[in-house]
Amino acid sequence: MRSRSENNDISVHAIAGTRVVILGLNLKQKYDESGDSSPSTSAALSAMLSGLTVAEDANGADIAASESSLPEKNGQSPSHDVSVGFAIDRRDISSGKSTSLNFDGRPIQKFHYGDYTVEPGHQYEYSVRRMIKAPSRSRYSFFSRPKYVAVGSPLVVTVTTEDPSTAKHGVYFNRGAAGSQAYAEKFGEFRKWHRVNKYGTPHWTSTINPLTIPDPAKKKEACAWLSRGLEEALLEFISQAKDSSWQLRVTAYEFTHKEVIHAFAAAVERGVDVKIIHHVKGSHRPKTRYNDVVKDKDGKVVKEWVPDKTTSDTQRAIDAVGFQSLDHARIWHHDTFIERHTSSIMHNKFIILLRDGTPVELWTGSTNFTESAFYGQSNVGHIVRDEGIAQQYLTYWNKLALDPPGRSKRHSGSSHDEEDAVPMDEINEQLQPDPAGAQPHDSITVFFSPRKTSDLLNWYADRMGDAADSVHFTAAFGVSQPLARVLVLNHDGKLSNEVGVRRSPRIARRIKTDDKLLRYILLDSQPSEHSSEKSRASAEKKGRGNDYCDYFDFKKLNSNRIAYGAVLSGRMDELEDVASSSAHSEALTGLSTFVDFVHTKFMVIDALTDNPTIITGSANFSIASTEQNDENMLVVQGDTAVADVYFTEFMRLFDHFYSRDKRNESLGKGSKSPRPRAWIDVVEDDSWMKPYFDPSNQLFRERVLLS
């Protein structure tokens, strides 16, 4: 839901998701569009936010008063007070409870604010006022005075958060920010230190693993805080299958989470018809016995099939389930699971809910059925309560259950009958051909992989390139070339995507882009220059060096605002003494072994318009996910409620990581600079506002976008 409110001085644009409300703030007075930062403009800003000062009532409470109403002192008018930010209060309309959102009474010094403590399906009223420094001297000096006070009449805006349990689309995000101050403060007493050797560099690290917390109540609390409704929603989705009149059709890549596995087992015990297609891959390796390679009578090495880790972990989890009834145990082990061998990776993670054979609902998204998916890295679960969409997935599932080859070139290796051996890339393009142009307004389109070509990936890139206002994009495993080439284009597409960025002297300068467009890119980790150079060298070897571009190219553009996963660290030289680390220093759960922070795969184009595009699912926007893996993606066109949920959750995660990236950069190895002022102090003049009114600054674009 979106709502706007304004008065003569400021405006507020509220965007409500399910558990996040974003407030875009702006000043009503117009300034020089050229972005003049001359003293006159600075003075105009100060004057705009300094029209009110503070007096006290008889009880010592602060009240707003206009300058004309205040008495003169020694024959002089009161001086202007510089605005130092905003005061924001929230009231839950149903309960009447009011909460100040200003931490420790400090002003909010930015033009957008994220409220991450709201509940789904609630109506909230936000009151926004400006804050100034409290007068240093008072007629009532015996009263204790706050350092900052809110002035002026409050600007009120009301929104209702989305309820994912009833809408056509139910979208659930986990916390995805285990490495946070809040998690460390709540559960830091259960921290454990480990010496790890990740990427070949031994170092100390700490984790706060919720599953190893000895106190059952605290363990449950920690898991619930991290899951943030995602795990609960999935278990509730499965539990809808009550008896033998219901069916569940499932695909699973990683399948180790005990609660989810037990939920499926419980469904089997209720008589539900459960069928689960899961990833099974491995390789043939020399067989060994007592550390010696086994050979046959002719002296040839005997090879045996060894499952990959995903397959072996899944099989152990399946085998660990016990049943009171032998019949149910037999159903579980002999009739429930279908192995998917012939694709590159069976990367789907969706569930179709059927009643009497008719599909009624779908669960999809990025969430694997693992502990790390719920309690670690960021993930999304997306329910679609639409029989037509569920039927499309069921048709796809039925084809997948036959375990046909993934791609046409593997046809000859299939052991199936000729009719059943039609490869999945042909089947998928029959189910949904590659699109041409944008999808119709108020539509849902489904795409399955693998596909014959990368045209679908290029179509995603085209949608990104068509963005008029904004792009919000998560990339867990880096940015593929078709998308990277869009990210080095200006808003008018004037830079050819066939021209290399770093190698071409024609574009070695900083690339300027349209002042309006802002593209947010959220990565799991900071890219490596070494890896970038290796990839570039490989591209040059193949004759595609001038086409190649990546993070180190598109990060130069002012239209690209980039963050990557991180925890808040101390100064590197301080961290060498582990014992001196704060008890509240941020730590991950330690449950993720590969992707620590960002595992979502979604893109939102022009999120705040009336016709947003939401692309979400299991695929990583890569060549492999398009041409090789079993994947599924939803394209939701024109649904502002869905866009609001994805947008607000994206901004929650982006702001969380961006602030840590910038602070960590300033405290990098060898840095002796003091802690950034923004983390510990309030800027007590109007300089905090200047970047928001400088057209060359990304914060200017962000202010315009969100307002």
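Small disclaimer: the values here were computed from a predicted structure and weren't measured.

What counts, and where the lines are drawn
- Residues numbered from 1 in each chain as written.
- Predicted model: local features only at pLDDT ≥ 70, side-chain atom pairs only at ≥ 80, totals over all residues.
- Heavy atoms only, no water.
- Helix = DSSP H or I, 4+ residues; strand = E, 2+ residues; numbered from the N terminus.
- Buried < 20%, exposed > 50% of the residue type's maximum accessible area, 1.4 Å probe, protein only.
- Contact = heavy atoms within 4.5 Å.
- Areas by Shrake-Rupley, 256 points an atom, 1.4 Å probe, with all protein chains shown as cover.
- Polar contact = N/O pair within 3.5 Å; in protein donor to acceptor, adjacent residues only side chain to side chain.
- Salt bridge = Lys/Arg side-chain N within 4 Å of Asp/Glu carboxyl O.
- Pairing = 2+ DSSP bridges.
- Axes fitted to C-alpha atoms, helices over the stretch in contact; angles between N-to-C directions.
- Phe/Tyr/Trp six-rings, centres within 6.5 Å; stacked < 30°, edge-to-face > 60°.
- Parallel < 35°, antiparallel > 145°, perpendicular 65-115°, else oblique.
- Left-handed = near helix turned anticlockwise from the far one by under 90°.
- Nonpolar A, V, L, I, M, F, W, Y, C, P; charged D, E, K, R; others polar.
- Core = buried A, V, L, I, M, F, W, Y, C linked by side-chain atoms within 4.5 Å.

(A) Spatial organisation of the overall build of the protein. Helix and strand counts for the protein come out as 19 helices and 30 strands. Buried positions account for 52% of the 707 residues belonging to the protein. Taking contacts inside the protein between residues at least 6 apart in sequence as the whole, the part at least 24 apart equals 72%. Here the protein displays about 32,100 Å² of accessible surface, and carbon together with sulfur accounts for 48% of that area.

(B) Quick look at the side chain of histidine 347. Here histidine 347 shows up in the loop between strand 20 (337-340) and strand 21 (351-355). Here glutamate 631 takes part through its side chain, which lies 2.9 Å from a polar atom of the side chain of histidine 347. Those residues in contact with histidine 347 that sit more than four places away from it in its chain are Tyr253, Lys601, Ser618, Asn620, Asn629, Asp630 and Glu631.

(C) The arrangement of the pattern of salt bridges in detail. In this structure the tally under the stated criterion is 25 salt bridges. One salt bridge in this structure joins arginine 561 and glutamate 702, with 3.6 Å as the shortest N-O distance. One end of the pair, arginine 561, is in strand 27 (residues 560-564); the other, glutamate 702, is in helix 19 (residues 698-706), with 141 residues separating them in the sequence. With respect to burial, arginine 561 and glutamate 702 carry one shared label: buried.

(D) Examining the sheet that holds strand 3 (residues 21-27) more closely. Here we have four strands laid out as an open sheet, ordered 1-2-3-8, and antiparallel in their pairing. At either end of the open sheet lies a strand with only one pairing partner, and these are strand 1 (2-6) and strand 8 (112-115). For this sheet, the mean inter-axis angle between neighbouring strands, taken without regard to orientation, is 15 degrees. Two strands pair when backbone bridges link them, and strand 2 (residues 10-16) and strand 3 are joined in this way by seven bridges, in the antiparallel orientation. Its bridge partner lying in strand 3, histidine 13 is registered against glycine 24.

(E) Local environment of the packing of aromatic side chains. Per the stated rule, a full pass over the model turns up 36 aromatic pairs. Plain terms: the ring middles of tyrosine 183 and tryptophan 225 are 5.6 Å apart, the flat faces sit at 20 degrees to each other, and that makes the pair stacked. With tyrosine 183 in helix 2 (residues 181-187) and tryptophan 225 in helix 3 (residues 216-227), this residue pair connects regions lying 42 residues apart in the sequence. Each member of the pair, tyrosine 183 as well as tryptophan 225, carries the same accessibility label: buried. Relative to tryptophan 332, the ring of phenylalanine 323 has its centre 5.7 Å away and its plane inclined at 55 degrees; by these criteria the two rings are tilted.

(F) Looking closely at the packing of helix 5 (residues 258-269) against helix 7 (residues 326-335). As a packed pair, helix 5 and helix 7 sit with axes 10 Å apart at the nearest point and diverge in direction by 125 degrees. As far as their axial angle goes, helix 7 and helix 5 are oblique. With respect to the hand of their crossing, helix 5 and helix 7 are arranged in right-handed fashion. Where helix 5 abuts helix 7, its residues Ile261, Phe264, Ala265, Val268 and Glu269 lie against His328, Ile331 and Trp332. Here the residues of the contact of helix 5 with helix 7 sort into six nonpolar, one polar and one charged.

(G) View of helix 19. A large share of helix 19 lies buried, amounting to eight of its nine residues. Residues of helix 19 that are buried include every one of Gln698, Leu699, Phe700, Arg701, Glu702, Arg703, Leu705 and Leu706, and no others. One side-chain oxygen of the residue at the start of helix 19 lies 2.8 Å from the amide nitrogen of leucine 699, identifying that residue as asparagine 697.

(H) Broad picture of the nonpolar core. The biggest cluster of nonpolar side chains holds 48 residues, and the ones touching the most others in it are Leu248, Phe255, Phe264, Trp332 and Ile351. The residues touching phenylalanine 255, leaving out its near neighbours within four places in the chain, are Ile261, Phe264, Ile276, Thr314, Ala317, Ile318, Phe337 and Phe369.

(I) Geometry of the side chain of arginine 90. Note on placement: arginine 90 falls in strand 6 (residues 83-92). One polar contact links arginine 90 to aspartate 115, side chain to side chain, over a distance of 2.9 Å. A polar contact is formed between the side chain of arginine 90 and the side chain of threonine 117, at a distance of 2.7 Å. Those residues in contact with arginine 90 that lie beyond four places of it in its chain are Lys97, Ser98, Thr99, Leu101, Asp115, Thr117, Val118, Tyr124, Glu125 and Tyr126.

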